[in-house]
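Okay, here's what each chain looks like letter by letter:
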Amino acid sequence: MRTIYSDVLCIGAGLAGERVALAAAMEGFHTICLSVVPPRRSHSSAAQGGMQAALGNAVMGKGDSTDIHFADTVKGSDWGCDQEVARIFADSAPIVMREMAHWGVPWNRVVAGKHTYYKGGKPFEAEEEESKHGLIHARAFGGTAKWRTCYTADGTGRSVLNTLDSKCLQYGVEIHDRMQAEALIHDGERCMGAIVRSLRDGELVAYIAKATLIATGGYGRIYRATTNAIICDGGGQICALNTGVVPLGNMEAIQFHPTGSVPTDILMTEGCRGDGGTLLDVNEYRFMPDYEPEKAELASRDVVSRRMTEHMRKGFGVKSPYGDHLWLDIRHLGEHHITTKLREIYDICTHFLGVNPIHQLIPVRPTQHYSMGGVRTDKDGHAYGLKGLFAAGEAACWDLHGFNRLGGNSLAETVVSGRYIGSKMVEYLKGSESVFKTEPVNDARKLVAKTIDDIISCRNGKENCFDLRNAMQDVMMDDVGIFRNAKDLQNGVDRLLELSERAKHIGLHGSVKGFTPELSMALRVPGMIKLALCTAYGALQRTESRGAHTREDFPARNDAEWLTRTLAYWKEGDSLPTLKYEDASPWFELPPGERGYGGGKIIPAEIPADKIKTKEQAEEAIK
Ligand SMILES: Cc1cc2nc3c(=O)[nH]c(=O)nc-3n(C[C@H](O)[C@H](O)[C@H](O)COP(=O)(O)OP(=O)(O)OC[C@H]3O[C@@H](n4cnc5c(N)ncnc54)[C@H](O)[C@@H]3O)c2cc1C
């Protein structure tokens, strides 16, 4: 078997993978990024909206600070996040946005003078300051007290990814695309790289590295209706879970975006609502202010998605052959605004929906969008359980987002955490000796080769992997959606357990030469069902409502018992994950309280005095 050595192996070449790779390459470490697609086509490129950082340049962001950003993030997370991480993130986001500007990201800039902006569908005038002319601008995104979402027109993800990818080329990061990681190489204590399958010709290659990063994005494709790309299948999380020693954090924390389009599920960016778009029901009535008088359409995503679902359940949805939906109205923003600041929305609507948003309403409904859960790491990005393994970006549970991530915070997380975790990885590389053993490499390779052989030879049966994938997605939509309860969740777990059993008998139906999509799916489905089980079982056990996890049978946020993070381990031979729990945050700079939107009862916790820190103490502790 071909073996490729490097100092750093980044599994994933989206924003997070490339930012970590860059940090290592800039320090002279030989770094390789793997990707199943050319890096610039990673899912990060689909992000239109923007990245949060408290720059305070825009008039509507005046007075913003890292403290306000920190507070918005913690409230958004419904106190599920690690506050140490939220503090690191909020403090460094402005530095990172400026660094990205220095590298060439064409941020939209403040233009001094009077401008017409929108709030709740109503225009208002605001004057951008002369002294801020030419500085990085910001737009409104859900759940924030100030406008702080930096953007490049309607293509933020794309322009930031292109910039980073160019930077990686400049610093000699090797990109190996169409290469899919199938298993980690480890001895139960240390990670030494990964066994990787070429999607061109099916060759298995051992990548041996001193430090390995998982940055493979989210696992949205365990749901049928998702805004995620087809490559968001949780491959990295599966590799980590299959080690048996690396836990996944808060897998039940799944975000539904309020405005997935119907029927394609393509995202209508939050920028639509941020820029003044409104939500209308079957009677073209604007209903959100009735539920959320203060924030209306700009409450956090979990809240808006719930309110929309509630309203449709009351019979105010628009009937369609694809199920009920509501309307997104941006007509009042006018042609100029829509074809410039929301140009991609205009294109998506006209090309995919046959709708002209300048004159017509856009059909939308809540759709799976973001994976708050992922490979659990400490604040430096080290995965729990294995030395030399790191994780960053959406694949990780660094835990900036708790039970609901704020719009604009995840794109920012990729580069902010990527830079920070990259620097910690460099410290690790400089400070530790590397250990490579032949046995774990051979064991991992044999296991992957045998699995492939079993599937190709149909040794264990001929279950169709696409049928199993579709059935799993149906379970997740039916039983593990926005509103959850014990009966449905138990039903979901039972159905997934059956699918998991059937997945042991997958056999190939098509040809096996080189790369076949069926073989890729056949290899991925058993792991995807495991991720689905971690999500459903974690949701069943968490008997409270927090952020995006809403239990109809336990409607209160229960800080007394559930101010915790779920850790899901998968031991070999088990049919369900073993769940353990840890404190949500090592300390609280912002003790648990009201979010200010969403309503709902809170069962309070008694937080010991030594767990509460001032900002100064928090910053001192992070050092
Ligand atoms: C439609 C859409 C719009 C969004 N808009 C915004 C926004 O405006 N603002 C915001 O903050 N967030 C937004 N988000 C979220 C944000 O874009 C993502 O969270 C973020 O880009 C994830 O980046 P990443 O680097 O972690 O992963 P990705 O960009 O998904 O990259 C994953 C990488 O891993 C590779 N990979 C996957 N599996 C394997 C494997 N097994 N082996 C090898 N490589 C593998 C892929 O090829 C890819 O290179 C949006 C999300 C969606 C779905």
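Scroll up to find the structure this text is about.
Each value, and the rule that gives it
- Residues numbered from 1 in each chain as written.
- Predicted model: local features only at pLDDT ≥ 70, side-chain atom pairs only at ≥ 80, totals over all residues.
- Heavy atoms only, no water.
- Helix = DSSP H or I, 4+ residues; strand = E, 2+ residues; numbered from the N terminus.
- Rg over C-alpha atoms; globule rule 2.2 N^0.38 Å.
- Contact = heavy atoms within 4.5 Å.
- Salt bridge = Lys/Arg side-chain N within 4 Å of Asp/Glu carboxyl O.
- Buried < 20%, exposed > 50% of the residue type's maximum accessible area, 1.4 Å probe, protein only.
- Expected span 1.5 Å × (residues − 1).
- Bend = angle between axes of the 7 residues up to and from the residue.
- Polar contact = N/O pair within 3.5 Å; in protein donor to acceptor, adjacent residues only side chain to side chain.
- Core = buried A, V, L, I, M, F, W, Y, C linked by side-chain atoms within 4.5 Å.
- Pairing = 2+ DSSP bridges.
- Axes fitted to C-alpha atoms, helices over the stretch in contact; angles between N-to-C directions.
- Near = heavy atom within 4 Å.
- Areas by Shrake-Rupley, 256 points an atom, 1.4 Å probe, with all protein chains shown as cover.
- Phe/Tyr/Trp six-rings, centres within 6.5 Å; stacked < 30°, edge-to-face > 60°.

Student: Would you take a moment to explain the overall build of the protein chain for this structure?
Tutor: Across its full length, the protein chain holds 17 helices and 24 strands. Against the globule reference of 25 Å for 623 residues, the protein chain gives a C-alpha radius of gyration of 23 Å, in line with a compact fold. Projected onto its principal axes, the C-alpha coordinates of the protein chain cover approximately 65 × 55 × 50 Å. Sequence-distant contacts in the protein chain: of pairs separated by 6 or more residues, those separated by 24 or more amount to 73%.

Student: I'm lost on the pattern of salt bridges in this one. Help?
Tutor: In a structure, side chains of opposite charge can pair up when their charged atoms sit close to one another. Evaluation of the coordinates by the stated rule reveals 55 salt bridges. E182 is the partner of R197 in a salt bridge, and the nearest nitrogen-oxygen pair spans 3.2 Å. With R197 in strand β9 (residues 191–198) and E182 in strand β8 (residues 179–186), this residue pair connects regions lying 15 residues apart in the sequence. The exposure classification of R197 matches that of E182, with both residues buried. Counted as one network, the salt bridges with shared partners bring together D78, E252, D302, R306, R542, E544, R546, R557, D559 and R595.

Student: Looking at this structure, I do not really get helix α3 (residues 83–102). What am I missing?
Tutor: Every α-helical turn comprises 3.6 residues, leaving residues that sit three or four positions apart pointing alike. Taking 1.5 Å as the rise per residue, α3 with 20 residues should run 28 Å; its terminal C-alpha atoms sit 29 Å apart, in good agreement. Roughly 40° is the biggest bend found in α3, and it falls at A93, with proline P94 one to four residues downstream. Its side-chain oxygen at 2.9 Å from the backbone nitrogen of E84, D82 defines the N-terminal cap of α3. Downstream of α3 by one or two residues, G104 has phi in the positive range, about 115°.

Student: Can you walk me through the side chain of E589 in this structure?
Tutor: Among the secondary structure elements, E589 is positioned in the loop between β23 (578–583) and β24 (602–603). Accessibility expressed as a relative area gives 15% for E589, which makes it buried. Here the side chain of E589 touches R87 through a polar contact of 2.7 Å, side chain to side chain. Apart from the residues lying within four places of it in its own chain, the contact partners of E589 are F70, Q83, R87, K613, T614, K615 and A618.

Student: Even after reading the chapter, I still don't get the nonpolar core, so can you show me in this structure?
Tutor: As a rule of thumb, soluble globular proteins bury nonpolar side chains together. Residues Y207, I222 and L496 are the most contacted members of the largest nonpolar core, which totals 79 residues. Those residues in contact with L496, other than ones at most four positions away along the chain, are M472, V475, M476, I529, A532, L533 and A536. Judged by nonpolar contacts, the second largest core, of 60 residues, contains L15, M51, C168 and F588.

Student: I tried to follow the sheet that holds strand β16 (residues 374–376) on my own but got confused; where do I start?
Tutor: Within a sheet, neighbouring strands are paired by backbone hydrogen bonds and run either parallel or antiparallel to one another. Judged by pairing direction, the sheet is mixed, and its five strands sit side by side in the order β18-β16-β11-β22-β23 without closing on themselves. Unpaired on one side and paired on the other, β18 (396–397) and β23 mark the two borders of the sheet. As judged from the two bridges shared by β16 and β18, these two strands associate in the parallel manner. Paired with V375 across the two strands is A396, which belongs to β18. Helix-sheet contacts for helix α15 (residues 517–541) involve β11 (248–249), β22 (564–569) and β23, and the interaxial angle to β23 is about 60°.

Student: Please explain the environment of V364 as it appears in this structure.
Tutor: Following the sequence through the fold, V364 ends up in strand β15 (residues 362–371). Residue class for V364 comes out buried when judged on its relative accessible area of 0%. Each C-alpha atom, one on V364 and one on I345, is 13 Å from the other, the two residues being 19 residues apart in sequence. Setting aside residues no more than four positions away along its own chain, V364 makes contact with P258, T259, G260, S261, V262, M268, L279, M308, H325, L326, W327 and L328.

Student: Would you mind showing me how to read the site of the ligand here?
Tutor: Neighbouring residues of the ligand: 38 residues in total, closest S42, H43, S44, E394 and L411. Within the backbone of L15, a nitrogen or oxygen atom sits 3.1 Å from an oxygen atom of the ligand. Here a nitrogen atom of the ligand and a backbone polar atom of G50 are 2.9 Å apart. In isolation the ligand offers 1,000 Å² of accessible surface; the protein chains occlude 98% of this area.

Student: Got a minute to help me understand the environment of Y581 in this structure?
Tutor: Within the secondary structure, Y581 sits in strand β23. For Y581 and N250, which are 331 residues apart along the polypeptide, the C-alpha to C-alpha distance reads 9.5 Å. Non-local contacts of Y581, meaning those with residues more than four positions away in its chain, are made with Q541, R542, W562, T564, R565 and T566.

Student: Sorry if this is basic, but what is going on with the packing of aromatic side chains here?
Tutor: Within a pair of aromatic rings, the relevant descriptors are the distance that separates the centres and the angle that separates the planes. For the coordinates displayed, the defined rule picks out seven aromatic pairs. Seen from their ring centres, F287 and Y291 are 6.3 Å apart, and the 85° between their planes marks the pair as edge-to-face. Assigned by exposure class, F287 and Y291 land together as buried. Ring geometry for F390 and Y428: centres 5.6 Å apart, planes at 75°, overall edge-to-face. Pair noted here: F390 is in strand β17 (residues 389–391) and Y428 is in helix α11 (residues 409–431), with a separation of 38 residues, a long-range link. Like F390, the residue Y428 is buried in the burial classification. A network of ring pairs unites the aromatic residues Y117, F124 and W147 as a single cluster.

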